[in-house]
Amino acid sequence: MAERSDAGAAEAGRETRMATAPSERTRVRRAPHKARYDKATIRAILDATPLCAVGYAFGGAPYVTPTLHWREGDHVYWHGSSASAALRGAEGAEVCFTVSILDGFVLARSGMHHSVNSRSVTLFGVARKVEDAQKSARLDAFIDGLFPGRAAQLRPATAQELKATTVLGMAIDEASAKIREGGPKDDEEDYSWPVWAGVLPVRMAAGGYEDDDRLLNGAEPPDAAPAFLRKD
């Protein structure tokens, strides 16, 4: 038993260490003190918002596509129509995957030092198409990640629906996070300037569920909103 406990502790340690050493692409050069490269931080930020942007080159031109994503272990996934030029352009190609979360507006005593509190993650890698045999499971994981247990309650996807859907994924190998938090950082001589300074917090929050007009009697909404949505 002691050997198993030691192995478990070692694995837990590995989980919190750096996802990879920062590469030339992921190394944060501007304000490097805000950088984070550990796996726990990167995972937490990815899990805190479903909205991402995927950048890639298609036909010699740059494109950035906003979409929803989900994480399973050390991979992120996103999906869309099989007819999507964006997904066709990203499949098998190098992509830049980003998420950003606005946590607050930082009001300083000068315009130069106004800022925002935020969390972001940038990933680089090759987007891989999820094989048909795994597509349904990945999409169920997407639904259940937002609303636990809901996938099993839904009408199963048809073969045609699955054929019309492409799921792409990439490993979380080349990654960095950047976090800004706290109040304004003014020049010392500006602290005597007579203007309010501080932080206006920003939070993503959900309201109450709104019933569909054709809802069947007795059908109840999910027990809770997604965990990352705050009501305070």
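Below is a summary of the structure that appears in this document.

Quick notes on the rules
- Residues numbered from 1 in each chain as written.
- Predicted model: local features only at pLDDT ≥ 70, side-chain atom pairs only at ≥ 80, totals over all residues.
- Heavy atoms only, no water.
- Helix = DSSP H or I, 4+ residues; strand = E, 2+ residues; numbered from the N terminus.
- Contact = heavy atoms within 4.5 Å.
- Areas by Shrake-Rupley, 256 points an atom, 1.4 Å probe, with all protein chains shown as cover.
- Lys, Arg positive; Asp, Glu negative; His and termini not counted.
- Charge placed at Lys NZ, Arg CZ, Asp CG, Glu CD.
- Buried < 20%, exposed > 50% of the residue type's maximum accessible area, 1.4 Å probe, protein only.
- Disulfide = S-S within 2.5 Å.
- Phe/Tyr/Trp six-rings, centres within 6.5 Å; stacked < 30°, edge-to-face > 60°.
- Core = buried A, V, L, I, M, F, W, Y, C linked by side-chain atoms within 4.5 Å.

### Brief notes about the overall build of the protein
Next, step 1: Along its length, the protein carries five helices and ten strands.
Next, step 2: Overall, the C-alpha framework of the protein stretches about 65 × 55 × 45 Å when taken along its three principal axes.
Next, step 3: Taking as baseline every contact in the protein between residues at least 6 positions apart, the subset at least 24 positions apart corresponds to 71%.
Next, step 4: Roughly 14600 Å² of accessible area belongs to the protein as shown, and the carbon and sulfur atoms make up 55% of that amount.
Next, step 5: Side-chain charges of the protein comprise 29 positive and 32 negative groups, with the mean position of each set lying 4 Å from the other.

### Looking at the environment of alanine 44
Next, step 1: Summarising the element assignment, alanine 44 is placed in helix H2 (residues 39-47).
Next, step 2: Judged by relative accessible area, which is 45%, alanine 44 ranks as partly exposed.
Next, step 3: The spatial distance from the C-alpha of alanine 44 to the C-alpha of valine 121 is 9.8 Å, given a sequence separation of 77 residues.

### A few points about the state of the cysteines
Next, step 1: All chains considered together, the criterion is met by zero disulfides.
Next, step 2: Cysteine 96 supplies the cysteine sulfur nearest to cysteine 52, a cysteine that is in no disulfide, at a spacing of 11 Å.
Next, step 3: Overall, cysteine 96 belongs to the partly exposed group, its relative accessible area being 23%.

### So, the packing of aromatic side chains
In this description, a pair of aromatic rings is defined by centroid distance and the angle of the planes.
Next, step 1: Per the stated rule, a full pass over the model turns up five aromatic pairs.
Next, step 2: Taking 6.2 Å as the distance between ring centres and 65 degrees as the angle between the ring planes, the aromatic pair formed by phenylalanine 58 and tyrosine 63 counts as edge-to-face.
Next, step 3: Judged by its relative accessible area of 40%, tyrosine 63 is partly exposed.
Next, step 4: The interplanar angle of 25 degrees and the centroid separation of 5.9 Å between the aromatic rings of tryptophan 70 and tyrosine 77 together place this pair among those described as stacked.
Next, step 5: A relative accessible area of 12% places tyrosine 77 in the buried class.
Next, step 6: Here the aromatic cluster, defined as three or more aromatic residues joined through ring pairs, consists of Tyr56, Phe58 and Tyr63.

### Considerations on the nonpolar core
Next, step 1: Core analysis: the largest hydrophobic core is formed by 25 residues, its most contacted members being Leu46, Val76, Trp78, Val95, Phe97, Val121 and Leu123.
Next, step 2: Elements supplying a minimum of two residues to this core: H2, strand S2 (51-58), strand S4 (75-81), helix H3 (85-90), strand S5 (94-107), strand S6 (115-126), strand S8 (165-171) and strand S9 (174-180).
Next, step 3: Among the elements that take part in this core, S5 stands out by supplying four residues, more than any other.
Next, step 4: Setting aside chain neighbours within four positions, we find valine 76 in contact with Leu46, Trp70, Arg71, Phe97, Leu123, Leu168, Gly169, Met170 and Ile172.

Everything listed here is a matter of geometry and, on its own, says nothing about what the molecule does.
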